[in-house]
Amino acid sequence: MVRDRTMKKRNWGVVLLVAMALSACTTGGKSSYVPQRSGIYVKNDKSIESAIVEPVEDGKYTSEGLKKFAEHEVERYNTEKNTNNVKVVSAQVKDGNASVIFSYTDANTFLDFAKFSQDNTVKIESIQVMSLEEAKSQGQLDGIDTSQINSSANVVAIKGIADVTTQGSILAAASDGKQLNHEEKEVVTEGEMSYIVVNNK
């Protein structure tokens, strides 16, 4: 399929619902990431998963068409980039929601695939996952006291608004020099640069 690069960003929610109407089977893979809304999951090995979650009418949609559409997008991307860095983790309809989860080898691939597929469900302009020492050497971590944090921790630096889930516990989070409220493994970033320090053990 030839992509018109001039077309505006598509509404993935609408596209996924249309895709699900094409078939009548169910499918799903396994992930420790079980999102209730669209967002990203940052793993301890610095790889990324992203989720698109949309409400659906119970009994009206199934999952096979969703999986086929998602796999088609991934195949086109991997073929064009001559890589295998993006995969479909799962696609399912459950509890009134349709969700698809993608996995990426790194943060740059996540951003590149979002641009390629015109996915604007997660509004992230930039994202880096690095070690605590790397973040400190780059003069990042504004608003975070790292004196009591183990040097083995990871840092997620995000510009944009997103629901972020982490595999390890969040040790600290700040945006624009101010502390961000967060759960043990969940935080919502703000529009400016946000820094999330994560225990990767």
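> An account of the nonpolar core is needed here, citing residue identities and associated values.
Counting 31 residues, the largest nonpolar core has Ile 40, Ile 48, Ile 127 and Ile 196 as its most contacted members. Excluding residues within four positions of it along the chain, Ile 127 makes contact with Ile 40, Ile 48, Ala 107, Phe 110, Leu 111, Val 156, Ala 157 and Ile 158. In terms of nonpolar packing, the next biggest core, distinct from the first, is built from 13 residues, Ala 153, Ala 157, Ala 172 and Ala 174 among them.

> Give me the packing of aromatic side chains: which residues, what numbers.
The final tally for this structure, using the stated rule, is six aromatic pairs. On the basis of an interplanar angle of 90 degrees and a centroid distance of 5.4 Å, the ring pair of Tyr 77 and Phe 113 is categorised as edge-to-face. Note that Tyr 77 is positioned in helix H2 (residues 64-81) and Phe 113 in helix H3 (residues 107-116), a separation of 36 residues in sequence. For Tyr 77, a relative accessible area of 3% corresponds to the buried category. Classification of Phe 113 as buried rests on a relative accessible area of 2%. Look at Phe 102 and Phe 113: their rings are 5.3 Å apart centre to centre, the planes differ by 55 degrees, and that puts the pair in the tilted class. With Phe 102 in strand E4 (residues 97-104) and Phe 113 in helix H3, this pair connects stretches of sequence that are 11 residues apart. A single burial state applies to Phe 102 and to Phe 113, both of which are buried. What links up through ring pairs into an aromatic cluster is the set Tyr 77, Phe 102, Tyr 104, Phe 110, Phe 113 and Phe 116.

Reading the values: rules and limits
Residues numbered from 1 in each chain as written. Predicted model: local features only at pLDDT ≥ 70, side-chain atom pairs only at ≥ 80, totals over all residues. Heavy atoms only, no water. Core = buried A, V, L, I, M, F, W, Y, C linked by side-chain atoms within 4.5 Å. Buried < 20%, exposed > 50% of the residue type's maximum accessible area, 1.4 Å probe, protein only. Contact = heavy atoms within 4.5 Å. Phe/Tyr/Trp six-rings, centres within 6.5 Å; stacked < 30°, edge-to-face > 60°. Helix = DSSP H or I, 4+ residues; strand = E, 2+ residues; numbered from the N terminus.

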